[in-house]
Structure formats: structure tokens, C-alpha cells
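Examining the three-dimensional arrangement
This is what each chain is made of:
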Amino acid sequence: MEGTQYWPFLVYVGAVLVVIVGQLLLSHLLGERHRDRVTGEPYESGIAPTGSARLRFSIKFFLIAILFVIFDLELVFIFAWAIAIHELGWTGFWGAMVFTAILAVGLIYEWRMGSLDWISRRSPAPRETAVRPAP
Amino acid sequence: MNPTLQTLAVTLGILFTLLHVAAVLIWVERRLLALLQDRLGPNRAGPLGLFIIVADVIKIFTKEDWIPPFADRPLYVIAPAIILLTALVGFTIVPVGPGMVVLDLNIGILFFLAFSSLGIYSTVLAGWASNSKYALIGGLRMAAQMFSYEVFMGLSLMGVVILAGSLNLSEIVEAQRGMWFVLPQFLGFVIFLLAGLAETHRLPFDLPEAESELVAGFHTEYSSMKFGIFFVGEYIGLTLIAAMIVTLFFGGWLGPAWIPAPLVFCFKTFAFILFFILMRAAIPRPRFDQMLSWGWKYLLPLALINLIATGALVLIRAD
């Protein structure tokens, strides 16, 4: 369809913004306010919080993000192939196959290295050696 | 009718319907879950307990709008707005009837993928800005979950793109006049369903907010309508995934000629929303590491195989 109309989109986004800002403002104006002894503390199931929440977190989260960047960038090329499959024909198909094979090799490598397992099989988790209090 | 006025009516009509669907879903989900778990659910306020929606809205607006003194204020306020914005804007490319679409983009699917992944900023920023331990873990989990399932979400749709030869959603619906794509693309449909559930962090994949482990995950510190917006955003995200499944795999607004096209579309979408609620009642939550490795090890290769098989079959047929 030539000449896509963009103004309905702008109207829509404008209306969405009005709704969101309206909701935030309304609840800000209507809500009660109070202060108590522990109002200003983070919720930790009733236990007094210790330390900040700016913790170090597991490297696994970072590893997953790196894997995502690698794989998602490669998959974007497959999108381009999928939309033009008839024009590219069998030549394009075998090209995509080679590309997918490289992708698969990368995936198998990650799998073998244990990056896809949260708990690595190669380096077993340290045994719990904490001294238990006598019963 | 004046075409400009008509377009305006469709645009605002879609938004109006979406916001009300989100509100009504609160009641639908509670009643249906109660039915599935052999209890009554909300049945006091009004006929069938329908006024619980009004009561909920009044209650949530008059609760204390608490911004924690230890939080990162601007991010804390923006985070809930992002989830609602991306979910609602993602809906603009969904055709609810012939020519009834807010934005008829020729890259419709890419637009949808972009906005559904932008939603991640909401949960991650909420988890970080709250400066609370449960919220931080929830936000991190959401990031990892989204990264893992985003990879093959787009891939599972490429089979449909190959069959239809277009990224435009209206053309994809038109291409399904002979046969719904759920038959030739059943594997793609299942993978997209799972990835969609993981992206909207719905049960059974609600690990970022798992109540039994993380209190409320990334929105532990949120209250009042900011908390409400997370819920509305989740329901609209759910509706968006259901609408996309219907558009891409179940023939969109195609149906018997004597029913108006938008009604057919709404009916099909609602059926999928009910299916999602049924899944919530039926399936327990997986462990986090199981869920991630399941996505990378099984669903990603399956999506690749599905894509290659579809491409080969289409080319063989064309020869």
C-alpha cells in the first residue's frame, strides 16, 4: 500500500502518553500520605535490611547477555534471507545453510563449554563446609 | 463517512478497547482461575462480581503513591510508564479488520519485535531503580529471560514470513485465505507461544516476579497506580501476544462472511487469552536455570530447523 498514513500513529501515541501521565498524576494527587518509623526502608519480608542493594550479581547473567548479542545479530541476517527467499532461490538457500551451520557450530561449542548451564559441570560448586551449630 | 474521521475513530477505538480489555481481564482472570480451582472468586460487588473492577480502580488510585527515599527517582517513575507505552504502541500494527489498522507498516513484524523487546527496559529499570534486593534479582532475571527467549522469537516468525512473502501483517492475513498458517507452521506457532509467554513474563514463566521466591520481584517497592500500571501493561502485553498469534497463525480477521471482521478478530484473540489463563492454572513454574537452558538448548535449534525446512519446502514447491 503506497503512501502509508502516519498521522493516526501520532494521534495514537499522543493519546497513550496522555493516558499514562494522567494515571500517574491522578494517583499522585489522590493517594494518602503518611510517615512512620520504618516507612522509608526497603521491604525485606519484615527483617531489618542490611547493606545496600547494589550487590554484585552472578556472572551468568552477563554471559547470557553476551550470548544474546552474538546470536541475535546473526539472526538478523536470516530475517533478510527469509523475506527474499524467492528472489534468491537455491543459491540463497545454500548460502543460508552455510550461515546456519556456522551458527549451529557456535551453539554446540557454547553447549559443550557449559555456558548454557547455570551450574557448570566442569568446575563443581564448592561443597558447603559451613559449621553447623550443634543441635 | 469522511475517511479521516473514520481513521480517527478506528485509532481511538482500538486504544479505548485495549484499555478496557485490560480492566475487564482483572475480573475475567480472577473468576476463571476460581472456576478452575473449584472456588468462587470475587462474587459480592454487583452482578457476578463485575463491580470488583470499579472497586479495584478506586482502591488503587487512592493508595499512597510512595516513592522510596532510597530509590533512583526519575528511573523509578519512568519504569512503569515504559511497559504500558511499549505494549500499547506495539499494538498499532495489528490489523483488526480489512484496512482497520493504526499504522499499516511494510515492516510490521520487525516493528512488533522491536517494541516487545523494548518492554524489557521497564522491568530492568524498575528492578535497578528500586534499590531493593528482591527487585534487583527480579530485574536481572527478567533481563536473562528476555535475552534467552528473544533470540528465537523472531526466528519462529520467519517461517510465516517465508510462506506469506511479506512482513506486512495485513498481507500476511490475506495470504491465509486458503489455509491458516498454524497447519504448515505448527512448530513455529508453539515456539512463538512459549517465547511470547516468556516475554510478557506471564505464569508459568513469571520468574521475574515469582511470589514464592522474590516477594513480588521487580515491582516489590511499587505501590498505588505505578504498581497498577505494571499490571495493566502485563495484561495488554498478553493481549498483544494473543492478537499476534491470531494474526500470524490463525487467519487474523478472516472468518465467516456474515460476522463483521473485527468481531471475528476479537473472538479469536479472547479465546487465546482464555487459553493463557488456563495455562496459568494448569502448569507449575519451572526453575530459572531449567527455563534458560531449555530455551537455548531445545527451542533455538528447533526454531532453526523449522525455518530451514520451511525454506526448503517452499523452494521445492516453487521449482
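Residues numbered from 1 in each chain as written. Chains lettered and ligands numbered in written order. Predicted model: local features only at pLDDT ≥ 70, side-chain atom pairs only at ≥ 80, totals over all residues.

Comments concerning the overall build of chain A
Within chain A, the regular secondary structure consists of three helices and zero strands. When the elements of chain A are put in sequence order from the N terminus, they spell out α-α-α. Here chain A holds 135 residues, and the buried ones make up 15% of them. (Helix = DSSP H or I, 4+ residues; strand = E, 2+ residues; numbered from the N terminus. Buried ≥ 20, exposed ≤ 12 C-beta atoms within 10 Å, placed from the backbone.)

A word on the overall build of chain B
Scanning chain B from terminus to terminus reveals twelve helices and zero strands. Going residue by residue from the N terminus, the α and β elements of chain B occur as α-α-α-α-α-α-α-α-α-α-α-α. In terms of overall dimensions, chain B is globule-like: its C-alpha atoms have a radius of gyration of 20 Å, near the 20 Å expected for 319 residues. If one aligns the C-alpha atoms of chain B with their principal axes, the spans along those axes are about 65 × 50 × 45 Å. Sorting the 319 residues of chain B into buried and exposed places 53% on the buried side. (Rg over C-alpha atoms; globule rule 2.2 N^0.38 Å.)

Regarding unusual backbone geometry
Residues and elements named next belong to chain B. Although it is not a glycine, Asp38 sits at a positive phi angle of roughly 60°. Assignment of secondary structure puts Asp38 in the loop between α1 (3-36) and α2 (52-61). Note on Asp38: 6 C-beta atoms within 10 Å, which makes it exposed. A positive phi angle is found at Asn131, which is not glycine, with a value near 55°. Looking at where Asn131 falls in the secondary structure, it is placed in the loop between α5 (120-129) and α6 (133-164).

A word on the nonpolar core
Core analysis: the largest hydrophobic core is formed by 119 residues, its most contacted members being Leu84(B), Leu88(B), Phe152(B), Val161(B), Ile236(B), Ala242(B) and Ile245(B). In this view, Leu88(B) contacts Val16(A), Leu15(B), Leu18(B) and Ile236(B); residues no more than four positions away in its chain are not counted. (Core = buried A, V, L, I, M, F, W, Y, C linked by C-beta atoms within 7 Å. Contact = placed C-beta atoms within 7 Å.)

Concerning the environment of Met100(B)
Residue and element names in this part refer to chain B. Structurally, Met100 can be placed in the loop between α3 (73-90) and α4 (108-118). Judged by the 21 C-beta atoms lying within 10 Å of it, Met100 falls in the buried class. Between the C-alpha atoms of Met100 and Pro262, which are 162 residues apart in sequence, the distance is 8.4 Å.

Focus: the packing of α4(B) against α6(B)
Residue and element names in this part refer to chain B. Relative orientation of the contacting elements α4 and α6 amounts to 165°, with a least axis distance of 11 Å. Looking at the two axes, α4 sits roughly antiparallel to α6. The crossing of α4 and α6 is right-handed. Contacts from Ile109, Leu113 and Ser117 of α4 reach α6 at Met146, Glu150, Met153, Gly154, Leu157 and Val161. For the contact of α4 with α6, a count of residues per class yields six nonpolar, two polar and one charged. (Axes fitted to C-alpha atoms, helices over the stretch in contact; angles between N-to-C directions. Parallel < 35°, antiparallel > 145°, perpendicular 65-115°, else oblique. Left-handed = near helix turned anticlockwise from the far one by under 90°. Nonpolar A, V, L, I, M, F, W, Y, C, P; charged D, E, K, R; others polar.)

Some words on the interface of chain B and chain A
Accessible area lost during the coming together of the parts is what is often quoted as the interface size. Between chain B and chain A, the residue contacts involve 64 residues of the former and 56 residues of the latter. Breaking the side of chain B that touches chain A down by element, the ones donating at least two residues are α1, α3, α6, α10 (224-249) and α12 (288-318) of chain B. In terms of residues, the side of chain B that touches chain A owes the most to one element, α12(B), which gives 15 residues. The residue inventory of the side of chain B that touches chain A, partitioned by class, reads 42 nonpolar, 13 polar and nine charged.

Here's the deal with helix α11 (residues 261-282) of chain B
Residues and elements named next belong to chain B. Taking 1.5 Å per residue, 22 residues should reach 32 Å; α11 reaches 32 Å between its end C-alpha atoms and fits that length. Taken together, the buried positions of α11 are Val264, Phe265, Lys268, Thr269, Phe272, Ile273, Phe276 and Ile277. Taken together, the buried residues of α11 touch α1 and α10. (Expected span 1.5 Å × (residues − 1).)

What to know about the environment of Leu18(B)
All names here are of chain B. Relative to the helices and strands, Leu18 is located in helix α1. Given 20 C-beta atoms within a 10 Å radius, Leu18 is considered buried. Separated by 63 residues in the primary sequence, Leu18 and Ala81 place their C-alpha atoms 16 Å from one another. Not counting residues within four places of it along the chain, the set of residues in contact with Leu18 comprises Leu88, Phe91, Ile236 and Thr239.

Here we look at α2(B)
Residue and element names in this part refer to chain B. Residues Ile52, Ile53 and Ile60 constitute the buried set of α2. For α2, the buried positions fall inside an angular range of 100° around the axis, keeping them on one side. Structural note: α2 exposes Val54 and Ile58 on the side pointing more than 90 degrees away from its buried face. Structurally, α2 contributes buried residues whose contacts are with α1 and α10. (Arc of directions from axis to C-beta.)

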